[in-house]
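As a plain string of letters, each chain reads:
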Amino acid sequence: MQEVKKSLTPREAATILGVSYPTIKKWILAGKLKTTQTAGGHHRVSRVALNPFLDRDARSEGKKSRTRFSTLSGRNQLIGRIVEVRIEGLLAQVVLAIGNQQVTSIITADAARALKLKKGDVAAAVVKATEVMIARV
């Protein structure tokens, strides 16, 4: 499995945020979304620059998602936006952006297809564990 890219094209950023490409371009030109430019003048968006938009969406979607999962026994639910889905053989790697952090889950390819997971969707990572370890940072 490959590493997640640090910078995105405006089109990739639009897909992650669930908005249109012209909307992203407007935000860039208005200074609402910070970018860097390549030597050729093309805009690149860092994943960190998307965080305010992801946080806002996750807060509004979070309450609805938690209500939907209230019949699930796992209470540790992290709501975020899918930034990558990679299906290889029997397994799928799903990466969720949650605030300025990312959570990666490995699930079956069949489950990923059944859930119709795609980049830009809001999803929940439900953590079911017998132990949680804390490290000083």
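Higher on the page you've got the structure.
Every chain is numbered on its own, with residues counted from 1 as its sequence reads. It should be noted that, the model being predicted, local features are given only for residues of pLDDT at least 70 and side-chain atom pairs only at 80 or more, the latter also being counted only at that level, while totals for whole chains, interfaces and linings use all residues. Derived side-chain values reflect all non-hydrogen atoms in the structure, with water molecules and hydrogen atoms excluded from consideration.

**Topic: the pattern of salt bridges**
Salt bridges are counted wherever a side-chain nitrogen of Lys or Arg sits within 4 Å of a carboxyl oxygen of Asp or Glu. Under the defined criterion, the tally for this structure stands at three salt bridges. Between Arg86 and Glu88 there is a salt bridge whose closest N-O contact spans 2.6 Å. Under the relative-accessibility criterion, Arg86 is labelled partly exposed at 24%. The exposure class assigned to Glu88 is partly exposed, which follows from its relative accessible area of 38%. Asp110 is the salt-bridge partner of Arg113, the closest N and O atoms lying 3.7 Å from each other. Here Arg113 and its partner Asp110 are both found in helix 4 (residues 109–115), three residues apart, which amounts to about one turn of the helix. The exposure class of Asp110 is exposed, given its relative accessible area of 60%. In this scheme, a residue with accessible area under 20% of its type's maximum is buried, one over 50% is exposed, and one in between is partly exposed, where area comes from a 1.4 Å probe on protein chains only. Helix numbers and strand numbers start at the N terminus; a helix is a DSSP run of H or I with at least 4 residues, a strand a run of E with at least 2.

**Regarding the sheet that holds strand 2 (residues 36–37)**
By definition, the strands of a sheet pair up through backbone hydrogen bonds, in either a parallel or an antiparallel sense. Pairing is antiparallel in the open sheet, where three strands are placed in the order 1-3-2. In this open sheet, the two strands that pair with only one neighbour each are strand 1 (7–8) and strand 2. Bridge count for strand 1 against strand 3 (residues 43–46) is two bridges, and the pairing is antiparallel. Paired with Ser7 across the bridge in strand 3 is Ser46. By definition, two strands form a pair when at least two bridges between them are found by DSSP.

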